[in-house]
Structures are given as C-alpha cells and as structure tokens.
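The residues making up each chain are set out below.
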Amino acid sequence: MNDGAGTTPGPGGQQSGAQQPQNPAVPPQTAPPASPFPAHVQPQPPAGQQPIPPGQPGGFPPPAPGQGFPSGQPSYGYPPQGGGYGYPPQSGYGYPPLAHPGEPDWAELADQNEAATRRRKRLLMISGGVLALAAVVGIVATTLLLSGGKKDDKTVAAPSASASPSAADDGGDGTPGPPPTTPEGFLNQARTDTAPLTPQTLFAENQITEGNRQYTLAASGVTATKDCSAGFDSDLAAIAKTFGCLNVFRATYVNGSTAVTLAIADFPSSVSADKTAKAAASMTINALVDGGSAPKFCQGDAACRSSRTSFGRYYISTLAGRADGKSATAADKLVPVAARDLAKYGGDVLAARGKAAMAAAGVTAPAGGSPAPSSSPTG
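This structure is a prediction, so every number in the text was calculated from the model and none was measured. (Residues numbered from 1 in each chain as written. Predicted model: local features only at pLDDT ≥ 70, side-chain atom pairs only at ≥ 80, totals over all residues. Heavy atoms only, no water.)

Draft legend 1. Region of interest: the overall build of the protein. Of regular secondary structure, the protein possesses 7 helices and 6 strands. Of all intrachain contacts in the protein linking residues separated by at least 6 positions in sequence, the fraction that spans at least 24 positions is 67%. As displayed, the protein offers around 24900 Å² of accessible surface, 59% of which is attributable to carbon and sulfur atoms. (Helix = DSSP H or I, 4+ residues; strand = E, 2+ residues; numbered from the N terminus. Contact = heavy atoms within 4.5 Å. Areas by Shrake-Rupley, 256 points an atom, 1.4 Å probe, with all protein chains shown as cover.)

This is the structure we're talking about:
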C-alpha cells in the first residue's frame, strides 16, 4: 500500500529510503573543491544541422563532388609542382645548397684542381724517368771511359770481327781526330795514308844495311785475304782477324847463315794495330820460304827469335833463325840481332811513308823528325 512517501532504488537495487549503517572507521567523504575554470561544454550544432561525425579532420564536412580540391589531390599542403613556382623535384635527400649570384662554382673548381693534381703527378713521373735514364747513361759512359782510358791496359777488349769503313776514317774512336802533324800521325788513319801500298813500295831495296850488317832480299810477297791467315800462325791470325787486319806484306832477307822474315800488316786504324801488337805476346808470323831464293827456315819446331811493334795503323813483326832450318842456339849471336835489325828497318820504311804524306799535304815536319818504333824481341 502506497503511503505517499516515495522510495527510489539505490545502487545494487537497494532502496535508498532506508538509512545505511555508517562505518565508524571510514571518515566521511568531502566534496571536491570547485574548479576555477568553467566546465567545457561541447558545442551543439544549431537546430536542424547534423552533428559532426567523429574522425572528420578539421571539423568540416566532406566536400561535395565538384567542390574543394580536385579529385586525387591531398587535402592538405600544395600539390606536386612540375614547373612554375617552387623548385623542381630533386634526387637524393633534400636540395643542394644553391650558389648565390657572383659565388664561384665550387664543384667545377674542385674538378679543375683534381685535373691539375693529376697533371703534376704525370710530370713528376716523366721527370723522374728522365733523371733515372740520365743517371744510367752517365754510369755507362763513366764505365766505358774507365775501362778504355789507359793505353797500356793488360786486358784488351776485342772489337767486331769486321772493321767498318768509318773506323778507318776516324782512328777507331768514332770521331775524326785533329789534323796530323807528324809522320806517324799521317799513318794513324787510312784517309790520310793514301799512297800506294804494295810489296814493291814497302820493300823497295834489294839490300839493306844496319850497322855493319848487310841483309839481301831473297823473296817478297803479300797476303790479301782480309784476315791475314797465311802470313801469321793460327793464334796470331785469329787475333789479327778480330782487330780487322786488311793485308800482310812479307819479305825474307838473308845474311850468311841467318835468315829473317819481315812482316808489315795494315789495319783500319792505329788503335787496331796497337791492340794487335799487345795481344800478340809470343805469337809469331810465318816465315816466307816460297819464291825467289828464300831458304826453308823456322819450320816445324825449330827454335827462332821474333819481335813485334806497331807504327801508325801498321803492325810490324819479324822472325829470325838459322838458314839451314835448324834450331837457333845461344851460339847463334846474329839471330836475335837480325830480328831487331829488320824490325827497325820496317819502322824506317813506314816513317818515310809518313813524311811523304806530310809533304803531299803541305805540312812541315817537326824538328828532329819522327823516331822509328822500337822493337820488342822475344822468342
């Protein structure tokens, strides 16, 4: 039955009209203090307008078709530009810094600097190669000068087997020498030694006298085989061929029981003749025993005496022994003397040839003349 006192259900379905027992251990709850700021009230749309659906950006309704931005374009920002205002699209990240008006192009300057650096490196490499080549040439030239500078070296370098015409014109050193002023100087090179060269011009006298000794010409001849092999023994022939022997002229003279052969061989230059004389050592020529009245001497193992020297471009050598072909002994006093006498005679013949060449060239001989070469008897 309703008595006029209303009751409302409380939380949990309990009636609020009945007093709930209070827990004396829990203090009563106080109301929170009032906020100094007004409460936020969600604005409501005017009457007749639809509320803004949640999630609409900016709080604006979606544009109707044909309004706002064109279809396919984003709603915010500027559309991508293909020209007009703004910068064109750039590759990579961001835009590179632009040069201000009047500022140099740093990229181009860097390329120019790199190119200049490469050119400097190439120049340094080329300069280093030239300096290295110059150093090698200097070492080689110094070595050649040191190896060939002394005239009395024991070891003699052999030239090529065939002598070139230029070697005969320049004295063998590759460059024309100064004008000759001595008889021997005129015989150093073939270009200044142009008189006829035959056995008759070299051995023109049938009898020669040295001191109180007289020698009679028994036979003469020439070997013109360009290697002088017939006029020299095998060892000397090999050396003469190496240094370019041209001809060997021989004549045999007799004094009683002693016979001696004089050999005069011409070479392209004085250098070749001098080297042949030094390399010959105890090597000998072959005795000329054929023709005329020449005896058979210094054949086989018969002991003989010899000598050798050079004068200008000529090599002079003699071979003396017993005319009966036997070996010479210490009792045969004339044998070594005959070897020296004929060597001196060969030098005198060549000195006269040099003087004639000087006279033909209009050059005055120096005072005292030119001494004849000295022989070096061995055997």
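Now, onward.
Draft legend 2. A look at the pairing of strand β1 (residues 207–210). Alternating residues of β1 divide into Ile208 and Glu210, all buried, and Gln207 and Thr209, none buried. Alignment of β1 against strand β2 (residues 213–223), held across 4 bridges, turns out to be antiparallel. Its bridge partner being in β2, isoleucine 208 is matched across the sheet by tyrosine 215. Adjacent in sequence and paired antiparallel, β1 and β2 are bridged by 2 residues, among which glycine 211 carries a positive phi angle near 65°. (Buried < 20%, exposed > 50% of the residue type's maximum accessible area, 1.4 Å probe, protein only. Pairing = 2+ DSSP bridges.)

Draft legend 3. A look at the nonpolar core. Grouped together as the largest cluster of nonpolar side chains are 25 residues, with contacts concentrated most on Phe232, Cys245, Ala265, Phe267 and Tyr315. Counting residues per element, this core draws most heavily on helix α5 (residues 234–242), at 4 residues. What phenylalanine 232 contacts, discounting residues up to four positions off in sequence, is Ala237, Ala240, Cys245, Val248, Ala265, Thr284, Ile285, Asn286 and Tyr315. Phe203, Leu262, Ala328 and Ala351 belong to the second largest nonpolar core, which has 24 residues in total. (Core = buried A, V, L, I, M, F, W, Y, C linked by side-chain atoms within 4.5 Å.)

Draft legend 4. A look at helix α7 (residues 334–361). With 28 residues, α7 ought to run about 40 Å at 1.5 Å a step, and its terminal C-alpha atoms sit 41 Å apart, in line with that. Positioned one or two residues after α7, glycine 362 has a phi angle of 75°, which is positive. (Expected span 1.5 Å × (residues − 1).)

Draft legend 5. Focus on the packing of aromatic side chains. Per the stated rule, a full pass over the model turns up 2 aromatic pairs. A centroid spacing of 6.2 Å and a plane angle of 75° characterise the contact between tyrosine 253 and tyrosine 345, whose relative ring orientation is edge-to-face. One end of the pair, tyrosine 253, is in strand β3 (residues 247–255); the other, tyrosine 345, is in helix α7, and 92 residues separate them in sequence. Each member of the pair, tyrosine 253 as well as tyrosine 345, is classed as buried. (Phe/Tyr/Trp six-rings, centres within 6.5 Å; stacked < 30°, edge-to-face > 60°.)

Draft legend 6. Region of interest: the state of the cysteines. Taken as a whole and judged by the stated rule, the model has 2 disulfides. For cysteine 228, the disulfide goes to cysteine 245, at an S-S distance of 1.7 Å. Here cysteine 228 and cysteine 245 share a disulfide; its torsion about the S-S bond, -80°, makes the bridge left-handed. With cysteine 228 in the loop between β2 and α5 and cysteine 245 in the loop between α5 and β3, the pair connects residues that are 17 residues apart, well separated along the chain. For the pair cysteine 228 and cysteine 245, a shared accessibility class is recorded, and that class is buried. (Disulfide = S-S within 2.5 Å.)

Draft legend 7. Representation of the pattern of salt bridges in the model. Summed over all chains, the structure comprises 10 salt bridges. Across the pair arginine 353 and aspartate 193 runs a salt bridge, and its minimum N-O distance is 2.9 Å. Of the two residues, arginine 353 is situated in helix α7 and aspartate 193 in the loop between α3 (183–186) and α4 (199–202); the sequence distance between them amounts to 160 residues. A single burial state applies to arginine 353 and to aspartate 193, both of which are buried. A salt bridge links aspartate 324 to arginine 322, with the shortest nitrogen-to-oxygen separation between them at 2.8 Å. One continuous salt-bridge network, built from bridges that share partners, spans Asp193, Asp266, Arg313 and Arg353. (Salt bridge = Lys/Arg side-chain N within 4 Å of Asp/Glu carboxyl O.)

Draft legend 8. Representation of the side chain of serine 307 in the model. Considering the arrangement of structural elements, one finds serine 307 in strand β5 (residues 305–311). A polar atom in the side chain of serine 307 sits 3.4 Å from the backbone oxygen of alanine 339. (Polar contact = N/O pair within 3.5 Å; in protein donor to acceptor, adjacent residues only side chain to side chain.)

Draft legend 9. Seen up close, unusual backbone geometry. The backbone of alanine 281 shows a phi angle near 55°, a positive value even though the residue is not glycine. For alanine 281, the position within the fold is in the loop between α6 (270–280) and β5. Within the chain, cysteine 298 stands out as a residue other than glycine whose phi angle is a positive 50°. On the secondary structure map, cysteine 298 appears in the loop between α6 and β5.

Draft legend 10. Focus on α6. Along α6, the positions that sit buried rather than exposed are Ser270, Ser272, Ala273, Asp274, Thr276, Ala277 and Ala280. For α6, the elements touching its buried residues are α5, β5 and β6 (314–322). At the C-terminal side of α6, alanine 281 shows a positive phi close to 55°.

Draft legend 11. Geometry of the sheet that holds strand β4 (residues 258–266). Sheet architecture is open: 6 strands sit in the order β1-β2-β3-β4-β6-β5, paired in antiparallel fashion. Looking at the sheet topology across the chains shown, the edges are occupied by β1 and β5. Taking each pair of neighbouring strands and ignoring which way they run, the sheet shows an average axis angle of 25°. (Axes fitted to C-alpha atoms, helices over the stretch in contact; angles between N-to-C directions.)

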